[in-house]
Amino acid sequence: MRALTASEIIHLWETAYRFHPIDQALSILQQAMPGHTREQLAAMSLGERDDLLLALRQLTFGDTLPGKDTCPHCNERVEFALSCTALSVDTPEPKRRQLVTDGFDVTVRPLTSFDLGAAANASTVDEGRSLLLERCVDEVLYQGVPTPVQALPQSIQNSIAETALATDPQAEKVLELSCPACKNEWQSLLDIGHVLWMEICAWAQRLLLEVHQLATAYGWTEDEILKLGPVRRATYLQMVAP
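Residues numbered from 1 in each chain as written. Predicted model: local features only at pLDDT ≥ 70, side-chain atom pairs only at ≥ 80, totals over all residues. Heavy atoms only, no water.

### Describing the sheet that holds strand 5 (residues 137-142)
Adjacent strands of a sheet form backbone hydrogen bonds with each other and so pair up, either parallel or antiparallel.
Step number 1: One open sheet holds the four strands; their spatial order is 3-4-5-6, and the pairing between them is antiparallel. Strand pairing shows two members of the sheet lacking a second neighbour, strand 3 (97-101) and strand 6 (145-146), which therefore form its edges.
Step number 2: Strand direction decides the pairing type here: strand 3 and strand 4 (residues 104-108), joined by five bridges, are antiparallel. The residue of strand 4 that forms the bridge with Val100 is Asp105.
Step number 3: Where helix 8 (residues 154-167) meets the sheet, its contacts fall on strand 3, strand 4 and strand 5, and the angle it forms with strand 3 comes to roughly 155 degrees. (Pairing = 2+ DSSP bridges. Helix = DSSP H or I, 4+ residues; strand = E, 2+ residues; numbered from the N terminus. Contact = heavy atoms within 4.5 Å. Axes fitted to C-alpha atoms, helices over the stretch in contact; angles between N-to-C directions.)

Put into structure tokens, the structure is as follows:
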């Protein structure tokens, strides 16, 4: 993996803005990991994918990840800073798990981007959840007899959902937040794919503004300007500033 270049940031913003968020995350990784096919990246567990996105974010924009949320108790705007390194904690490798309870023997695997993509096409939230439940199960046996997932008791389905999370602990990155105004504490999920995409959008538009300013001042092409390192580009921008 390598950091995204200025040209690649603009290319991603220009080509992936119409994509579903799942495909945007894969496009970002594929740009930084040209040795991997889209299918290989989509087949990774969600935790593995998100750890790669965090690593790419650190390489491209730095380790400190600013964030903000709204306190659910008093509506105070809360700002905070995260560390990409700290978020990518060492956890056991995602792998299949066996759920054995009440005569049921269920083989559960980690979810992937392929699974999220299938659920995204569901017509309702409940249908999407059912799809994810079915797709994370390799096999269900009840007293040795194959059984369809949807025929399982709700308690077993709930246990399967919990086991699916346990197969891939990094699939959900839960933030512990606290409001400085009312001292309320709550949890929030970090969607690193969305966060990184929004940063790419902001940087792309900033880079295009810099291209416009330097092209107007010096007559350079976009390619020539984007090949400049950020320090040199910033220095030229200071020289032409009114």
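### As for the packing of aromatic side chains
Step number 1: Per the stated rule, a full pass over the model turns up five aromatic pairs.
Step number 2: A ring pair is formed by Tyr218 and Trp220, whose centres lie 4.4 Å apart and whose planes are at 15 degrees; its orientation type is stacked.
Step number 3: The exposure class assigned to Tyr218 is partly exposed, which follows from its relative accessible area of 33%.
Step number 4: Of the residues examined, Trp220 reaches a relative accessible area of 27% and is grouped as partly exposed.
Step number 5: Consider the rings of Tyr218 and Tyr236, whose centres lie 5.6 Å apart with planes at 70 degrees: the pair is edge-to-face. A residue pair is termed long-range when its members are at least 10 positions apart, and Tyr218 in helix 9 (residues 192-218) and Tyr236 in helix 11 (residues 230-240) qualify at 18 residues.
Step number 6: Residue classification places Tyr236 among the partly exposed positions, given a relative accessible area of 23%.
Step number 7: Three or more aromatic residues joined by ring pairs form one cluster here, namely Tyr218, Trp220 and Tyr236. (Phe/Tyr/Trp six-rings, centres within 6.5 Å; stacked < 30°, edge-to-face > 60°. Buried < 20%, exposed > 50% of the residue type's maximum accessible area, 1.4 Å probe, protein only.)

### Description of the environment of Ser7
Step number 1: When you line up the elements, Ser7 lands in helix 1 (residues 6-16).
Step number 2: Judged by its relative accessible area of 32%, Ser7 falls in the partly exposed class.
Step number 3: Taking C-alpha positions, Ser7 is 8.7 Å from Ala204, a pair spaced 197 residues apart along the chain.

### Quick notes on unusual backbone geometry
Step number 1: Here the phi dihedral of Asp102 falls at roughly 50 degrees; this positive angle occurs in a residue that is not glycine.
Step number 2: The exposed category is assigned to Asp102, whose relative accessible area is 61%.
Step number 3: Of note, the phi angle at Lys183 is positive, near 70 degrees, even though the residue is not glycine.

### Quick word on the packing of helix 1 against helix 2 (residues 21-32)
Step number 1: Between helix 1 and helix 2, the shortest axis-to-axis distance is 11 Å and the interhelical angle comes to 150 degrees. Looking at the two axes, helix 1 sits roughly antiparallel to helix 2. The crossing of helix 1 and helix 2 is right-handed. Residues Glu8, His11, Leu12 and Ala16 of helix 1 form the contact with helix 2, whose own contacting residues are Gln24, Ser27, Ile28 and Gln31. (Parallel < 35°, antiparallel > 145°, perpendicular 65-115°, else oblique. Left-handed = near helix turned anticlockwise from the far one by under 90°.)

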